[in-house]
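Below are the chains, spelled out letter by letter.
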Amino acid sequence: MDTDKELESQIGQWRGFVERRHAISAADTDEMEDHLRDQISDLSAAGLRTDEAFLVAVKRMGNVDDISREFAREHSDRLWKQLVLMPSASDGDGTRPTRELFVVLGLAVGAALSVKAGVATLGEQDLARNVSLFVLPFLAGYFAWKRQVTARLAAVLLVPFALAAVLLNVFPFASNGSTEVIAAIHAPIALWFAVGLAYVGGQWRSDRRRMDFIRFTGEWVVYLTLLALGGGVLIGLTIGAFDALGLSVEWFIEDWVLPFGAAGAVIVAAWLVEAKQNVVENIAPVLTRVFTPLTTLMLLVLLTAFVTTGSVVDVDRNLLILMDLILVVVLGLLLYAISARDPYLPPDLFDRLQLVLVVSALAVDLLMLFAMLTRIAEFGFTPNKVAALGMNLVLLVNLTWSAHLILGFLRGRRGFSSTERWQTRYLPVFGVWAALMVGVLPPVFDFV
Amino acid sequence: MHIEKDLVAASATPLVLGILAEGESYGYAILKRVNDLSGGRIQWTDGMLYPLLHRLERLEYVSASWGASDSGRRRKHYTITAAGREMLAERRAQWDVVADALSQVWRSVQLPPASAEGWS
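Residues numbered from 1 in each chain as written. Chains lettered and ligands numbered in written order. Predicted model: local features only at pLDDT ≥ 70, side-chain atom pairs only at ≥ 80, totals over all residues.

- Identification of chain B as Transcription regulator PadR N-terminal domain-containing protein from Rhodococcus opacus M213 is taken from an unreviewed UniProt entry.

## Some points on the overall build of chain B
Inference 1: When helices and strands are tallied, chain B shows 4 helices and 3 strands.
Inference 2: Beginning at the N terminus, the succession of helices and strands in chain B can be written as α-β-α-α-β-β-α.
Inference 3: Burial statistics for chain B: of 120 residues in total, 22% are counted as buried.
Inference 4: Across chain B, the fraction of contacts at a sequence separation of at least 24, relative to all contacts at a separation of at least 6, is 49%. (Helix = DSSP H or I, 4+ residues; strand = E, 2+ residues; numbered from the N terminus. Buried ≥ 20, exposed ≤ 12 C-beta atoms within 10 Å, placed from the backbone. Contact = placed C-beta atoms within 7 Å.)

## What to know about the confidence of the model for chain B
Inference 1: Averaged over all residues, the pLDDT of chain B is 86; the fraction at 70 or higher stands at 92%.
Inference 2: For this predicted complex, the interface score ipTM comes out at 0.82, while the overall pTM is 0.68. (pLDDT = per-residue confidence, 0-100.)

## A few points about the environment of V394(A)
Residue and element names in this part refer to chain A.
Inference 1: In this fold, V394 is placed in helix 14 (residues 383-410).
Inference 2: Residue classification places V394 among the partly exposed residues on the basis of 17 C-beta atoms within 10 Å.
Inference 3: Separated by 36 residues in sequence, V394 and F430 have C-alpha atoms that sit 7.6 Å apart.
Inference 4: If sequence neighbours within four positions are ignored, V394 has contacts with V429, F430 and W433.

## So, the sheet that holds strand 2 (residues 62-68) of chain B
All names here are of chain B.
Inference 1: In spatial order, the strands read 1-3-2; together these 3 strands make up an open sheet with antiparallel pairing. Of all the strands in the sheet, the pair left with one neighbour each is strand 1 (25-26) and strand 2.
Inference 2: Across the face of the sheet, helix 3 (residues 49-58) comes into contact with strand 2 and strand 3 (74-80) while running at roughly 120 degrees to strand 2. (Pairing = 2+ DSSP bridges. Axes fitted to C-alpha atoms, helices over the stretch in contact; angles between N-to-C directions.)

## A look at the nonpolar core
Inference 1: If you look at the biggest cluster of nonpolar residues, it comprises 83 residues, and the most contacted ones within it are A111(A), V135(A), L139(A), V195(A) and I267(A).
Inference 2: With 12 residues, helix 8 (residues 178-199) of chain A is the largest single contributor of residues to this core.
Inference 3: Looking at which domains feed residues into this core, each of domain 2 (93-279) and domain 3 (283-415) of chain A supplies at least three.
Inference 4: Apart from residues lying up to four places away in sequence, V135(A) is in contact with A111(A), V115(A), A263(A) and V266(A).
Inference 5: Core analysis: the second largest hydrophobic core is formed by 30 residues, L36(A), I67(A), V34(B) and Y50(B) among them. (Core = buried A, V, L, I, M, F, W, Y, C linked by C-beta atoms within 7 Å. Domains from an automatic or database assignment.)

## Some words on the packing of helix 6 (residues 124-146) of chain A against helix 10 (residues 250-275) of chain A
All names here are of chain A.
Inference 1: At a closest axis distance of 9 Å, the pairing of helix 6 and helix 10 adopts a crossing angle of 25 degrees. By the angle between their directions, the pair helix 6 and helix 10 is classed as roughly parallel. Note that helix 6 runs across helix 10; the crossing there is right-handed. Contact residues: helix 6 offers V135, F138, L139, Y142 and K146, while helix 10 offers A263, V266, I267, A270 and E274.
Inference 2: Tallied by class, residues from the contact of helix 6 with helix 10 come to 8 nonpolar, no polar and 2 charged. (Parallel < 35°, antiparallel > 145°, perpendicular 65-115°, else oblique. Left-handed = near helix turned anticlockwise from the far one by under 90°. Nonpolar A, V, L, I, M, F, W, Y, C, P; charged D, E, K, R; others polar.)

## Regarding unusual backbone geometry
Inference 1: Unlike most non-glycine residues, F447(A) shows phi in positive territory, near 60 degrees.
Inference 2: Topologically, F447(A) is positioned in the segment after helix 16 (441-444).
Inference 3: Non-glycine residue E60(B) carries a positive phi angle of around 65 degrees.
Inference 4: Turning to its location among the elements, E60(B) is positioned in the loop between helix 3 and strand 2.

## Concerning the interface of chain B and chain A
Inference 1: Contacts between chain B and chain A engage 16 residues on the former and 17 residues on the latter.
Inference 2: Listing elements by their share of the side of chain B that touches chain A, those giving two or more residues are helix 2 (27-37), helix 3 and strand 3 of chain B.
Inference 3: Broken down by element, the side of chain B that touches chain A gets its largest block of residues, 4 residues, from helix 3 of chain B.
Inference 4: Residue classes in the side of chain B that touches chain A are distributed as 5 nonpolar, 5 polar and 6 charged.

## A look at helix 10 of chain A
Inference 1: In helix 10 of chain A, a bend of some 40 degrees at V257(A) exceeds every other bend along the element, and P259(A), a proline, comes one to four places later.
Inference 2: Those residues of helix 10 of chain A that sit buried are P259(A), A263(A), G264(A), A265(A), V266(A), I267(A), A269(A), A270(A), W271(A), L272(A) and V273(A). (Bend = angle between axes of the 7 residues up to and from the residue.)

## Looking at the packing of helix 13 (residues 349-379) of chain A against helix 14 of chain A
Residues and elements named next belong to chain A.
Inference 1: As a packed pair, helix 13 and helix 14 sit with axes 9 Å apart at the nearest point and diverge in direction by 150 degrees. By the angle class used here, helix 13 and helix 14 are roughly antiparallel. Like other packed secondary-structure pairs, helix 13 and helix 14 cross with a definite hand, here left-handed.
Inference 2: Residues that form the contact of helix 13 with helix 14 fall into these classes: 19 nonpolar, 4 polar and 5 charged.

## Notes on the pairing of strand 2 of chain B
Residues and elements named next belong to chain B.
Inference 1: Across 7 bridges, the pairing between strand 2 and strand 3 is antiparallel. Considered in strand 3, the bridge of G67 is made with R75.
Inference 2: Remark: 5 residues form the turn of the hairpin made by strand 2 and strand 3, two consecutive strands paired antiparallel; G72 in that turn has positive phi of roughly 95 degrees.

## A few points about the environment of G106(A)
Residues and elements named next belong to chain A.
Inference 1: Mapped onto the elements of the fold, G106 is located in helix 5 (residues 95-121).
Inference 2: The exposure class of G106 is partly exposed, given the 14 C-beta atoms found within 10 Å.
Inference 3: For the pair G106 and Y142, spaced 36 residues apart in the sequence, the C-alpha separation amounts to 9.9 Å.

## Regarding the pairing of strand 3 of chain B
Inference 1: Direction of pairing for strand 1 of chain B relative to strand 3 of chain B: antiparallel, over a ladder of 2 bridges. Along strand 3 of chain B, the bridge assignment pairs Y26(B) with H77(B).

## Describing the confidence of the model for chain A
Inference 1: Averaged over all residues, the pLDDT of chain A equals 86, while 92% of them reach at least 70.
Inference 2: Overall, residues 83-95 of chain A carries pLDDT values under 50, and its contacts beyond four positions in sequence, including any with other chains, amount to 17 contacts.

Below you can see the structure in the form of structure tokens.
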């Protein structure tokens, strides 16, 4: 009994070792495991002890690197196409992936239909405020289904969506007022964290799961962008072709294809990220390595331009908004880069670059804060200024401590995981801030 | 006896196709058969058989299907196809030519039996 158990665990270890090679598929491993077991039972029948038989069988199987290389030669495609959305019947039981596909398609169509219903019944401003409520519950629903959450968690998940729906529609927003715009911008961000709660399957305290959610968000953005690009090209070609035929299809594209495509893409992108989870690290490090230096350069050029153009007090209001957006993008890039880094590697050049990025972002942030405070001193508080000021402060705290931690890491005084932990611990602050902007800021400023 | 790598590689395809021409089989059984046929003197690295089988499958010399072993494990069975039989006949003709030429060489050159070991 004991030797059986030991053999099973040894075979399990061998299997794990083989499966780590991308070129060898799970079905190939099954095939070789069958071989290994036959060999072991023959050798045992010939008088070898089980553990000896295992060792001999593994030895005869040969060097896994060599076998993997042979497989790679035969299936070079496997090194590329690791994304298997619909495993064929021979690769395992095909029932679950098919069902998942139907669930995903059902949710995508549901999101699209609810957006379409919103477009048909609501005015432009009401729609803009509520659009995330038409799509994100379906995304949260997908993860709730995928993670098989408990009924209690499912009920908890409903709360933020219901609350947002009530607040966004009960508040007597002044028409075209700035609080309405602020609430409309922050509602999707706040609700994204509700999606996150579903994504982590309720384990919101776990740092690892939070980091997974950051990874997911980054990959989701990449996939959504790719889908949008592909969709845009397809739409352009379609319109062009119909134009050449003398038919105008723009109304159809605008009324049906765009809302359906956009809402569906949100769900489908999430599904794609889920399906290709084990290939996640393929694109993230590449993107962050390309864009970290470029973004740093952009920030430094902006800073120089700022300083040389003179007074920071009478800077354009639009410039402040743009700079805030840039800072948000920088933070996203930082989070994405941290999520793609192996925390056990020693510091390298890229970490230094990251420190430069964080420090230049800090400089921009401080400059923004200074400009904003002088404007507030001169013109008083407005909803926009409070929102921008608060966001800059939230970013300032994050960036300052990040810089401190990365510096400590570069000097070898602490591991990279402290930087990771800081970001995962800080994550809820963004959600809380966005929620405040939706629920508290409008009444404080009388919905102007 | 050690047999040179290139010779093993060259003979692997006709051996596997030939064994499958005797009837449907699977990886471990094919290796055992090779062992029997050579009296244990042809030693393959077991794992290398599978990439080879997959290549033959891609070239459509064999077709594969998943079945179950006696103990209920999943097992991949291979069957030779018509194209595989053609290829086997062709390989056989090639090997006949080589073997024929070689046997004439062996007859004309009298090698001391011991030095045959030193060849590989």
